[in-house]
Each structure stands twice: as structure tokens, then as C-alpha cells.
Amino acid sequence: MSEYQYYHFLAVDRPLSERQQAELRRISSRAQITARRMVNSYEWGDFEGDPVALVERYFDAYLYFANWGSRRLLLRVPAARVPLMAVDSYQRDDADGSLTAHCSGAHTVIDLTSEDEDGTGEAWWVREADWDDEDDNGALGQLAGIRAELCRGDLRALAVAGGAPAATAPQRALAAFLRLPSG
């Protein structure tokens, strides 16, 4: 089986300027970059950028998928809405995945991972044919609803990431992405 990695960054709160898009182009000449997103996939090799640094500087959400079973979702939310202290009790790190968070300026960055040790990383909502449709952000579009819930003060998604039942469509998408029971 060949290697496959999918990287999708999304700017929700503000579009990327032309200067920012040019800065991102220097990181990847192959990525599809618009004012609202950067998408790239690799079958050989790896992405040269640091996803955490890119989320801290440019983006509000990031999704990573690898066919060997790794999945990652980063969400950048205003710390005034979701302070790091509110996330602390949900943090975990175990063999199946993790939920960690850190502060970056005026934001809290939430990092959710899922690891499938069996290596059965089935293609999950990855639709390269839809990359040209700016309104359809595929899996990340569905998972961005988690960010919206967090920004409204609804922290239930953090409990879902720990295995609690999912109540909303974005929470069910998160449970599916992290390979957790959805309720």
C-alpha cells in the first residue's frame, strides 16, 4: 500500500491576505491556497510546514489524515471565549489519541489526535475532487462546527473527545473522526 497524507487548513474568522497566501506558497508549491484555505496531499514525502505554527499564525482549523491511521484536528479559538483553564480538565494523552491545548497569543489552540495502531486508516471524507469548490470544505467543514460550538461556550465536544456521547451533528462528526462511540 502506498503512503497517503492529507492536509487541510481553514481560515474561518478572517480571510488570508495576498501577502499571507504568498508566504504559504513558499512553504508548499503544490498546495491549493485561497483566501480561506490551504489543501495538500502527499503520496511520497511529507509536508514541510509546521501545522501548529501555521494554525497559530494563519488558520482557525486544521485537519490531517494519513492512511496508516493517524488523524489530527487543530482548532484555534479566542482565549476570551475558551480559556486554557476551561480545557485543562479534558486534556488526556493515551495510546489511542490525545486532547491537549496551549495558549498562543489571544487564542487557545486545541489539538485532538487519534491513532489506529492496526494501521487501517481508511479514506475518511477525503474528496480531492471537491478541492476546487470553495464552499465545500469536506470533513473539515463539518468539524469546523466544533469550533463554532466552542466559541459559543459549548464545551461538550471536549467531553465527546474523551468518549462522552455526542449530541450534535458536529460532535458526531468529531466522534467519527476520532473513532469514538457517537452515543
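As a reminder, the structure under discussion sits directly above these lines.
Predicted model, so just to flag it, every value in this text is computed and none were measured.

Draft legend 1. Layout of the side chain of Asp154. With respect to the helices and strands, the residue Asp154 is situated in the loop between α4 (138–151) and α5 (156–161). Look at Asp154 and you get buried, because its relative accessible area is 18%. At a separation of 2.7 Å, a polar atom in the side chain of Asp154 contacts the side chain of Arg156. Once you skip the residues sitting within four places of it in the chain, Asp154 turns out to touch Glu149 and Gln171.

Draft legend 2. Broad picture of the packing of α4 against helix α6 (residues 169–177). One can describe the packing of α4 onto α6 by two numbers: an axis separation of 8 Å at closest approach and a directional angle of 120 degrees. One way to sum up the angle between α4 and α6 is to call them oblique. Judged by the sense of rotation from one axis to the other, the crossing of α4 with α6 is left-handed. For the pair α4 and α6, contact is made by Gln142, Leu143, Gly145, Ile146 and Glu149 and by Pro170, Gln171, Ala173, Leu174 and Phe177, respectively. A per-class count over the contact of α4 with α6 returns six nonpolar, three polar and one charged.

Draft legend 3. Spotlight on unusual backbone geometry. Phi at Arg179 is positive, roughly 60 degrees, even though this residue is not glycine. Relative to the assigned elements, Arg179 resides in the segment after α6.

Draft legend 4. Broad picture of the packing of aromatic side chains. Scanning the model with the defined rule gives eight aromatic pairs in all. Between Phe9 and Phe59 the ring centres are 5.1 Å apart and the planes differ by 35 degrees, which places this aromatic pair in the tilted class. Highlighted residues: Phe9 in strand β1 (residues 5–10) and Phe59 in the loop between α2 (51–57) and β4 (61–66), separated in sequence by 50 residues. Residue Phe9 is classed as buried on the basis of its relative accessible area, which comes to 1%.

Draft legend 5. Region of the structure containing the pairing of strand β7 (residues 97–104). Where strand β6 (residues 92–94) and β7 come together, three bridges link them in antiparallel fashion. Along β7, the bridge assignment pairs Asp93 with Ser98. If you look at the hairpin formed by β6 and β7, you'll find two residues sitting between the two strands. Of the pairings in the sheet, the one linking β7 to strand β8 (residues 107–115) comprises eight bridges and is antiparallel in character. If you follow Ala101 over to β8, its bridge partner there is Ile110. Linkage of β7 to β8, two consecutive antiparallel strands, is achieved through a turn of two residues, within which Gly105 is found at a positive phi near 60 degrees.

Quick notes on the rules
Going along each chain's sequence as written, the residues are numbered from 1 onward. Local features in a predicted model are, by the rule used here, given only for residues with pLDDT of at least 70; side-chain atom pairs are given and counted only at 80 or more, and totals for whole chains, interfaces and linings are based on all residues. Excluded from the side-chain calculations are hydrogens and water; all other atoms, namely the structure's heavy atoms, are used. The helix count covers DSSP runs of H or I at least four residues long, the strand count covers runs of E at least two residues long, and both are numbered beginning at the N terminus. Exposure classes here rest on a 1.4 Å probe applied to the protein chains alone. A residue is buried below 20% of its type maximum, exposed above 50%, and partly exposed in between. In the analysis that follows, any N or O atom pair within 3.5 Å is treated as a polar contact, provided that within protein one partner can donate a hydrogen and the other can accept it, and provided that, for residues neighboring in sequence, both atoms belong to side chains. Working rule for contacts: check all heavy atoms of both residues, and any pair within 4.5 Å makes them a contact. Axes here refer to lines fitted to C-alpha atoms; in helices the fit is confined to the stretch in contact. Angles between the N-to-C directions go from 0 to 180 degrees. Here is the rule for angles: anything less than 35 degrees is roughly parallel, anything more than 145 is roughly antiparallel, 65 through 115 is roughly perpendicular, and the remaining ranges are oblique. By definition, turning the near helix anticlockwise from the far helix through less than a right angle yields a left-handed crossing, and turning it clockwise yields a right-handed one. Basically, the charged four are Asp, Glu, Lys and Arg, the nonpolar ten are Ala, Val, Leu, Ile, Met, Phe, Trp, Tyr, Cys and Pro, and anything else, Gly included, counts as polar. Stacked, edge-to-face and tilted labels apply to pairs of Phe, Tyr and Trp rings (six-membered ring for Trp) whose centres lie within 6.5 Å, assigned for plane angles under 30 degrees, over 60, and everything in between, in that order. Two strands are counted as paired when DSSP detects at least two bridges linking them.

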